[in-house]
Amino acid sequence: MGLIQDTPGLSAHLAAGEAVDHEHPVVREAAARLAKGVVDSRDHAHDYARAAHTFVRDAIPHAQDAGDPRVTWRASDVLRQRTGICHAKAHALAALLRAEGIPAALCRQRLTQDGGGGHVVHGPVAVRLDGTWHRQDPRGDKPGLDAQFSLTGEHPAFVPDPKSSEVDYPVLYAEPHPAVLAALKAAPDRPRLWQSLPDAL
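What this report covers is the structure whose coordinates are included nearby. Just so it is clear, the model here is predicted, and its values are computed rather than measured.

Overview of the pairing of strand 3 (residues 119-122)
Neither face of strand 3 is exposed, since His-119 and Val-121 on one face and Val-120 and His-122 on the opposite face are all buried. Looking at chain direction, strand 2 (residues 104-112) and strand 3 are connected through four bridges and run antiparallel. From the neighbouring strand, Gln-109 faces strand 3, where its bridge partner is His-122.

Side note on the pattern of salt bridges
Applying the stated criterion across every chain, the model contains nine salt bridges. When the shortest N-O distance is used, the salt bridge between Asp-77 and Arg-80 registers 2.2 Å. Placement of both Asp-77 and Arg-80 in helix 4 (residues 75-81) is noted, with a separation of three residues, approximately one turn of the helix. Given the relative accessible area of 15%, Asp-77 is considered buried. Residue Arg-80 is classed as partly exposed on the basis of its relative accessible area of 47%. A salt bridge links Asp-168 to Arg-135, with the shortest nitrogen-to-oxygen separation between them at 3.1 Å. Residue Asp-168 is found in strand 6 (residues 167-173), and its partner Arg-135 is found in strand 5 (residues 132-136); the two are separated by 33 residues along the sequence. Shared partners join several salt bridges into a network, and the residues in it are Asp-65, Arg-139 and Lys-142.

A short note on the nonpolar core
Judged by nonpolar contacts, the single largest core of 33 residues is most densely connected at Tyr-48, Leu-79, Leu-96 and Leu-97. With nine residues, the single largest contributor to this core is helix 5 (residues 86-99). Ala-19, Ile-85, Ala-187 and Leu-197 belong to the second largest nonpolar core, which has 13 residues in total.

Comments concerning the packing of aromatic side chains
Enumeration over the complete set of coordinates arrives at zero aromatic pairs. Sitting over the ring of Trp-73, Lys-185 keeps its end group 5.1 Å from the ring centre.

Description of the packing of helix 1 (residues 25-36) against helix 5
Following both chains from N to C, one finds helix 1 and helix 5 inclined at 70°, their axes separated by 9 Å at the closest point. What the angle tells us is that helix 1 and helix 5 run roughly perpendicular. In this structure, helix 1 meets helix 5 at a crossing whose hand is right-handed. Contact residues: helix 1 offers Val-27, Arg-28, Ala-30, Ala-31 and Leu-34, while helix 5 offers Ala-95, Leu-96 and Ala-99. Split by residue class, the contact of helix 1 with helix 5 holds seven nonpolar, no polar and one charged.

About the cut-offs
- Residues numbered from 1 in each chain as written.
- Predicted model: local features only at pLDDT ≥ 70, side-chain atom pairs only at ≥ 80, totals over all residues.
- Heavy atoms only, no water.
- Buried < 20%, exposed > 50% of the residue type's maximum accessible area, 1.4 Å probe, protein only.
- Helix = DSSP H or I, 4+ residues; strand = E, 2+ residues; numbered from the N terminus.
- Pairing = 2+ DSSP bridges.
- Salt bridge = Lys/Arg side-chain N within 4 Å of Asp/Glu carboxyl O.
- Core = buried A, V, L, I, M, F, W, Y, C linked by side-chain atoms within 4.5 Å.
- Phe/Tyr/Trp six-rings, centres within 6.5 Å; stacked < 30°, edge-to-face > 60°.
- Lys NZ or Arg CZ within 6 Å of the ring centre and 35° of its normal.
- Axes fitted to C-alpha atoms, helices over the stretch in contact; angles between N-to-C directions.
- Parallel < 35°, antiparallel > 145°, perpendicular 65-115°, else oblique.
- Left-handed = near helix turned anticlockwise from the far one by under 90°.
- Contact = heavy atoms within 4.5 Å.
- Nonpolar A, V, L, I, M, F, W, Y, C, P; charged D, E, K, R; others polar.

In structure tokens, the structure reads:
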């Protein structure tokens, strides 16, 4: 599938924003710790991107899997509170990547909700390395999910099934989609967030 940037150039995919707040001290400190772990690497950008993906995927529990009712949406809050749904974790990964000068974009999929009750928009990330965008999913693994960082082919948490009206959206967003961000900001807790997240874009 051809991926399409929503803005030309890469500057927007390196910028700090309200949700991808990579200039925040919490994000900078986390990025510095991760970068220190790959300081002797021959390919710092690749190894740092892998380390950041693994950290967000594994060290920050997905709020639904953990039964955590809190809703986070700023990258700094996700890192500080160590919780978030897929979109929030994507903001955290994008911020960690941009903090090290690696372009990052927010992606979208339309998936069937757990239990089969309608659809929901899911949020992976794309990282720009070697002149190409590579989609990665920091959602967090659980039985049946095994999202791996890869630059040689996608290993996502979810593969959309067109027969179930599931969709891989090709657009790479520099900023969170307004409908997704509005739902995250307005929800008083995670159970009610599920009622307001968009089911399509």
